[in-house]
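Summary of the model geometry
This is what each chain is made of:
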Amino acid sequence: MKSNSSGFPVTPQGSKSGRVVVDPISRIEGHLRIEVELKDGKIANAWSSSTLFRGIEIILQGRKPEDAQHFTQRSCGVCTYVHGIASTRAVEDACKVTIPENATLIRNLVMASQYMHDHIVHFYHLCGLDWIDVAGALKADPKKAASIANSISPRETKAEDLKAVQDTLKKFVESGQLGPFTNAYFLGGHEGYYLSPELNLIGTAHYLEALRIQLLPARAMAIFGGKNPHPQFMQVGGVTCYKSLEKDKLKQFRDLVMQTKNFIDQVYIPDLIAIAGQYKDWTQYGGCTNFMTFGEFPTKGQEMDNRYFPAGIVMDRKFDNIQKFDPDKIAEHVRYSWYKGDKALHPYEGVTDPKYTDMFGEDRYSWMKAPRYDGKAMETGPLAQVLVAYAKEHPKVKPLVDHVINTLGIKVENMYSTLGRIAARGIETAVVAEHCVDMLNQLEGNLAAGKNQIIEDIDMVDQAEGVGFVNAPRGGLSHWTRIKDKKIENFQLVVPSTWNLGPRCANDLLSPVEEALVGTPVADAERPVEILRTVHSFDPCIACGVHVIDGKTNKVHKFQIR
């Protein structure tokens, strides 16, 4: 029996019990290791390990608060803007400044573009291959596939276009130069894939189309942000993108958003419903118990009580009893993390003092901390946001949720699952796209009425605390800063993936992803696509790591530079 790096046995093919390690998890941002224990073909226990340390919080100490956004955006190469706005909101909270309405709208427009970009990439390029058998598309009848596509979408699909995709795919497979698909599960066949050849062909064609579409919202972000990634248009007190307020720039932004919105409405959502309809058994797996959202798209400054998406807490899956979010109830645990100490601390008091042992040395197994809310592990992200908005009868969210569950023939309770998490991401995307157009109309109306202010002058406080809450595409993000002598004395980032993919806490409560994995059946321990489906549904974002893998032996090589 094989052993993994921690010494535990790894389940061989055909066995229904033992240990399975997936390391690294691919198609995510950064490096994540998942280890599970199988018992009678189902996951009985799970451990989520982030094996990368960055130390951004340490780097920020002693720097100017206004500069925090430029450092925190480098936490990630994908979701850069959300860290920038979280840092800026934190400093604005400390300075007690309210930014102009136009600045709020512009920041919201960039955030909406970030949502559309991230969610399209996630559905097609990060988790799509967990459900779509690309090689299976070679068996499809293009005419039949075109008929299916036209029955689920108002956009016309031509059989010859699908045939061209199929021909290209055939040459690609026959070449043997499969790149990222070399070890994909579809190449050898897998009983966990249910789609017909025609749906596989449709999904593959749209996977390729989405590679081009995802560029559109990224370009939209750059119109206001100046560049993407790492936009540079924000300043404490507002934004500085005066040139972007010209009519031709606003028209360019609108055109990019409308092209993206059309793809979301006519391709993404129909694909989501069609694929979900074949995998309804996945409404039984991957669920969590508690949910948290900070809400997003404020109408004034960063006030949490007045956001387009509402903030709220769902405990014990009782989304008919939404609790008000209380920031004082957050604490970060390090009992099972590679940091000194074992005491849970509020982020304002947080300490980032690394202490690496080894995998499971002193029971510690992750660089992530374990944030908890009122002592509970909380799932954050699109599912949390959609549940809270649905419970509060959001005028755009509730009808779309009802449409999806009625079309699939499931219940709202089935949303507590891996499939529900993916469906919620699509629902959120469609609502954000529509709201983006509304906000753009509002901004153009303000400018036409002569309301042009986009920044407020501020004086940096000598000493204060501040927090910036952002409901990023991946979930609840908060930056906490303590300022002393007009410099950063302490800074803590509590990010969505630490909520969702961290380790156990001092009370031995599993993190959401660990909880979600338990109970999931695994058909083939050598090719555990079921693990990837649930892990990918959270859209993990661990800071960038570098791994050199031999494409022939599939071994990881370690190098020491002297």
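Parameters and conventions
Residues numbered from 1 in each chain as written. Predicted model: local features only at pLDDT ≥ 70, side-chain atom pairs only at ≥ 80, totals over all residues. Heavy atoms only, no water. UniProt positions renumbered as here; feature names shortened; annotations may be inferred. Helix = DSSP H or I, 4+ residues; strand = E, 2+ residues; numbered from the N terminus. Contact = heavy atoms within 4.5 Å. Buried < 20%, exposed > 50% of the residue type's maximum accessible area, 1.4 Å probe, protein only. Pairing = 2+ DSSP bridges. Axes fitted to C-alpha atoms, helices over the stretch in contact; angles between N-to-C directions. Salt bridge = Lys/Arg side-chain N within 4 Å of Asp/Glu carboxyl O. 1 Å grid on protein atoms, 1.4 Å probe; cavity = no way out; pocket = protein on both sides within 12 Å on 5 of 7 lines; lining within 4 Å. Points joined across faces, edges and corners; volume = space filled by probe spheres on them. Nonpolar A, V, L, I, M, F, W, Y, C, P; charged D, E, K, R; others polar. Core = buried A, V, L, I, M, F, W, Y, C linked by side-chain atoms within 4.5 Å. Expected span 1.5 Å × (residues − 1).

**Observations regarding the UniProt feature "binding site: Ni(2+)" (unreviewed entry) in the chain**
Taking the numbering used here, the UniProt-annotated feature "binding site: Ni(2+)" (unreviewed entry) corresponds to Cys76, Cys79 and Cys541. The greatest C-alpha distance among the residues just named is 8.4 Å, despite their covering 466 residues of sequence, which places them together in space. Summarising the element assignment, Cys79 is placed in the loop between α2 (68-72) and α3 (80-95). Contacts of Cys79, omitting those with residues within four sequence positions, involve Gln114, Asp118, Arg474 and Cys541. What makes Cys541 buried here is its relative accessible area of 12%. Setting aside its immediate chain neighbours within four residues, Cys541 contacts Glu29, Cys76, Cys79, Arg474 and Ser497.

**Considering the pairing of strand β5 (residues 42-50)**
Note: strand β4 (residues 32-39) against β5, 8 bridges, orientation antiparallel. Counterpart to Leu32 in the pairing with β5 is Ser50. Hairpin remark: β4 followed by β5, antiparallel, with 2 residues in the connecting loop; positive phi at Asp40, about 55°.

**Remarks on the sheet that holds strand β14 (residues 379-380)**
The mixed open sheet is built from 3 strands, whose spatial order is β11-β8-β14. Edge strands, defined here as strands with exactly one partner in the open sheet, are β11 (312-314) and β14. Sitting on the sheet, helix α10 (residues 382-391) touches β8 (291-293), β11 and β14, and the angle it makes with β8 is about 85°.

**Details of the side chain of Asn290**
The topology assignment puts Asn290 in the loop between α9 (247-278) and β8. According to the relative accessible area criterion, Asn290 is buried, its value standing at 7%. Residue contacts for Asn290: discarding those within four places in its chain leaves Val314, Met315, Asp316, Lys376, Ala377, Met378 and Glu379.

**Points about the environment of Ile458**
Structurally, the position occupied by Ile458 is in the loop between α12 (418-448) and β15 (463-472). Remark: the alpha-carbon pair of Ile458 and Glu92, spanning 366 residues in sequence, is separated by 8.9 Å. Setting aside residues no more than four positions away along its own chain, Ile458 makes contact with Cys95, Val97, Val236 and Gly237.

**Points about the pattern of salt bridges**
In this structure the tally under the stated criterion is 32 salt bridges. Measuring nitrogen to oxygen at the nearest pair gives 3.3 Å for the salt bridge that ties Lys243 to Glu246. Judged by relative accessible area, Lys243 falls into the exposed class, the value being 56%. Among the ionic contacts, a cluster of salt bridges with common partners joins Arg19, Asp23, Arg33 and Glu35.

**Digging into empty space enclosed by the protein**
All told, the structure shown has 6 cavities of 30 Å³ or more when counted by the stated rule. Quantified by volume, the second largest cavity comes out at close to 70 Å³. Lining the second largest cavity, in full, are Phe123, Cys127, Gly128, Trp131, Leu272, Ile275, Ala276, Leu419 and Ile422. A per-element tally of the lining of the second largest cavity places α9 first, with 3 residues. Counted by class, the lining of the second largest cavity contains 8 nonpolar, 1 polar and no charged residues.

**Let's talk about the layout of surface pockets**
Left-over empty space is what a probe sized like a water molecule reveals as it rolls over the atoms. Reported here for the second largest pocket is a volume of approximately 260 Å³. In terms of lining, the second largest pocket is formed by 13 residues, of which the most central are Asp93, Gln302, Glu303, Met304 and Val467. The set of elements that each furnish at least two residues to the lining of the second largest pocket consists of α3 and β15. Looking at the lining of the second largest pocket residue by residue, the classes come out as 5 nonpolar, 3 polar and 5 charged.

**A closer look at the sheet that holds β15**
With respect to topology, 3 strands assemble into an open sheet ordered β15-β16-β17, the strand pairing being antiparallel. The outermost strands of the open sheet, each flanked by one partner alone, are β15 and β17 (487-494). In this sheet, adjacent strand axes meet at a mean angle of 15° when their direction is disregarded. Across 7 bridges, the pairing between strand β16 (residues 475-484) and β17 is antiparallel. Bridge pairing links Ser478 to Val494 in β17.

**A few points about the environment of Arg254**
Mapping Arg254 onto the fold places it in helix α9. In this structure Arg254 comes out as partly exposed when scored by relative accessible area, which is 22%.

**Section: the pairing of β15**
The element β15 is extensively covered by neighbouring structure, given that 8 of its 10 residues are classed as buried. Bridge count between β15 and β16: 10 bridges; the pairing is antiparallel. By the bridge assignment for β16, Phe469 is matched with Ser478. Connecting the antiparallel pair β15 and β16 is a turn made up of 2 residues.

**Concerning the nonpolar core**
In terms of nonpolar packing, the biggest core is built from 140 residues, with Ile106, Phe224, Phe253, Leu517, Ile531 and Val535 touching the most fellow members. Filtering out sequence-adjacent residues up to four positions away, Leu517 remains in contact with Ile34, Val36, Ile43, Ala46, Ile531, Thr534 and Val535. In terms of nonpolar packing, the next biggest core, distinct from the first, is built from 16 residues, Met304, Ala311, Ile313 and Trp499 among them.

**Quick look at α12**
The end-to-end C-alpha distance of α12 is 46 Å, a good match for the 45 Å that 31 residues give at a rise of 1.5 Å each. Of all 31 residues in α12, 24 are buried, a share of seventy percent or more. Just past α12, the residue Gly450 takes up positive phi, approximately 90°.

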